[in-house]
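Letter by letter, the chains look like this.
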Amino acid sequence: MHTDFYRMKRLPPYVIAEVNAMRHEARRAGRDIIDLGMGNPDQPPPQHVIDKLCEVAGKPDAHGYSQSKGIPGLRRAQANYYGRRFGVDLDPETEVVVTMGSKEGLASLATAITAPGDVVLAPNPSYPIHTFGFIIAGATIRSVPTTPDENYFRSLEKAMHFTVPRPSVLVVNYPSNPTAEVVDLAFYERLVAWAKDNKVWILSDLAYSELYFDGNPTPSIMQVKGAKDVAVEFTSMSKTYSMAGWRMGFAVGNRHLIAAMSRVKSYLDYGAFTPIQAAACAALNGPQDIVETNRQLYHKRRDVMVEAFGRAGWDIPPPPASMFAWAPLPPALQEMGSLEFSKQLLIHADVAVAPGVGYGEEGEGYVRIAMVENEQRLRQAARNVKRYFASLGLNTVARTG
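As the structure is a prediction and not an experimental result, all values here were calculated from the model. (Residues numbered from 1 in each chain as written. Predicted model: local features only at pLDDT ≥ 70, side-chain atom pairs only at ≥ 80, totals over all residues. Heavy atoms only, no water.)

Caption draft 1: Structural view of the state of the cysteines. A full pass over the atoms with the stated rule returns zero disulfides. Of the cysteine sulfurs around Cys54, a residue in no disulfide, the closest is that of Cys281, at 16 Å. Given a relative accessible area of 13%, Cys281 falls into the buried group. (Disulfide = S-S within 2.5 Å. Buried < 20%, exposed > 50% of the residue type's maximum accessible area, 1.4 Å probe, protein only.)

Right, dumping it as structure tokens:
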């Protein structure tokens, strides 16, 4: 029987899965692995959100098919969030759709707007769905950098001049996963103007909108005048409200893209379970203490991690946002490469991290560290790493200053 499936040939093995399998084996063998690999929040959602889920699940009529594009109340709640947080006016009927997390939303939109052979500009390194959502839909990817500087815009210009067919979509993701880089509103203003000039759609992934530090709120591309003409933005409740497993996200913006995506979704799903959508309304409309609490939690973890790992002999630049640090391999171990380094860290330090190469070839030389364990465990991870470095004869004398 023929099993050489077309799309399977275009999908490489998920590199991160290799480290995940090793972590799973180590745990089965009874080892205490400090897992900083997957961005899986370790805190529960607010109690009133769980209560709403249970309350609505207790209703006999809550168990039928839901609405694929999301119940009206939830689309309104998301529009209100954009109004409160960004001062952006959205029509819940035509400019908001509920997704099963931003991952599914990106994949559905890619399916809706991509023809085989289309060229899509996506950051490298980037979260895998930013490229593979389009690869699954038959597109070709041309990489652009993640660092939002002059070189970024030069690479966009170059891509437009030298790519056939001309790129039709650009994916952006700030705060970036995996690099944690951030942008200001001026960057988005320039990007929207560029997209209009070049007739390119922009898909902005804003999953980490609320995990910003040092008092610098993350902007939304939708704050730019005219952004709705060319852009759609994805947000997620996973990190903001510690609801990762609930799979709740949104796409907002350009009504043609939202309509196309809603149409594809209507063939693929009947929407999320109604009680989950009702609980998501409670999260968006209710008390917002958790948003600030989570921000403070990750901020403190960031500071602890940077300080503890620094003392262990591993300099990690403090991320300005997100729940991740993008850590260059220690200079003495650079030759090892990110995948081998991640494996060795798991074997010898009982610490799991995600190899940078899993996010694209430009991620080589880095690992992504997720701040999803408490401060005590982060300090323990640093002690384990220090011991491993010492066993290699690396200088881990605490630095001064």
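Picking up after the structure, the text goes on.
Caption draft 2: Highlighting the pattern of salt bridges. According to the stated counting rule, one finds 24 salt bridges in the structure shown. Across the salt bridge formed by Arg190 and Glu150, the nearest N and O atoms sit 2.8 Å from each other. Remark: Glu150 occurs in helix α7 (residues 150-162) and Arg190 occurs in helix α8 (residues 185-198); sequence separation between them is 40 residues. Of the residues examined, Glu150 reaches a relative accessible area of 44% and is grouped as partly exposed. Put simply, Arg295 and Glu292 hold a salt bridge, and the shortest N to O gap is 2.4 Å. With Arg295 and Glu292 both in helix α11 (residues 289-311) and three residues apart, the pair spans about one turn of that helix. (Salt bridge = Lys/Arg side-chain N within 4 Å of Asp/Glu carboxyl O. Helix = DSSP H or I, 4+ residues; strand = E, 2+ residues; numbered from the N terminus.)

Caption draft 3: Spotlight on the pairing of strand β7 (residues 231-236). Counting buried residues along β7, six of its six residues qualify, which places the element largely inside the surrounding structure. The side-chain alternation of β7 yields two buried faces, one formed by Ala231, Glu233 and Thr235 and the other by Val232, Phe234 and Ser236. Pairing of strand β6 (residues 201-205) with β7 involves four bridges; the strand directions are parallel. By the bridge assignment, Asp205 is partnered in β7 with Phe234. Where β7 and strand β8 (residues 249-253) come together, five bridges link them in antiparallel fashion. Following the sheet pairing, Ser236 is matched in β8 by Gly249. (Pairing = 2+ DSSP bridges.)

Caption draft 4: Quick peek at the confidence of the model for the protein. In the predicted model, the protein carries a mean pLDDT of 93, and the fraction of residues at 70 or more is 98%. Ranking the elements of the protein by mean pLDDT puts helix α1 (residues 6-10) last, at 75, and α8 first, at 98. (pLDDT = per-residue confidence, 0-100.)

Caption draft 5: Just the pairing of strand β9 (residues 324-328), in detail. Counting buried residues in β9 gives four out of five residues, a clear majority hidden from the surface. Pairing between β9 and strand β12 (residues 366-370): five bridges, direction antiparallel. Paired with Pro328 across the strands is Tyr366, a residue of β12.

Caption draft 6: Representation of the packing of helix α5 (residues 101-113) against helix α9 (residues 255-268). The geometry of α5 relative to α9 is characterised by a closest axis approach of 8 Å and an angle of 105° between their N-to-C directions. In terms of axis orientation, α5 runs roughly perpendicular to α9. Side by side, α5 and α9 meet where Glu104, Gly105, Ser108, Leu109, Thr111, Ala112 and Ile113 of the first sit next to Leu257, Ala260, Met261, Val264, Lys265 and Leu268 of the second. Looking at the contact of α5 with α9, its residues break down into eight nonpolar, three polar and two charged. (Axes fitted to C-alpha atoms, helices over the stretch in contact; angles between N-to-C directions. Parallel < 35°, antiparallel > 145°, perpendicular 65-115°, else oblique. Contact = heavy atoms within 4.5 Å. Nonpolar A, V, L, I, M, F, W, Y, C, P; charged D, E, K, R; others polar.)

Caption draft 7: Summary view of the environment of Ser176. In this structure, Ser176 sits in the loop between β5 (169-173) and α8. Given the relative accessible area of 2%, Ser176 is considered buried. Note: C-alpha distance between Ser176 and Arg301 (125 residues apart in sequence) is 18 Å.

Caption draft 8: Quick look at the sheet that holds strand β3 (residues 119-123). Strand order in the open sheet made by the seven strands is β2-β8-β7-β6-β5-β3-β4, with mixed pairing throughout. Strand pairing shows two members of the sheet lacking a second neighbour, β2 (96-99) and β4 (140-144), which therefore form its edges. Across the sheet, the mean angle from the axis of one strand to that of its neighbour is 20°, orientation sign disregarded. As judged from the five bridges shared by β3 and β4, these two strands associate in the parallel manner. Pairing of Ala122 across the sheet is with Ser143, part of β4. Lying on the sheet, α8 is in contact with β3, β5 and β6; it crosses β6 at an angle near 150°.

Caption draft 9: Up close: the sheet that holds β12. Here three strands make up an open sheet; going across it, the order is β9-β12-β11 and the pairing antiparallel. Each having just a single partner strand, β9 and β11 (354-355) make up the two edges of the open sheet. In this structure, β11 lies alongside β12, joined through two bridges in antiparallel fashion. Residue pairing in the sheet places Ala354 in a bridge with Arg368 of β12.

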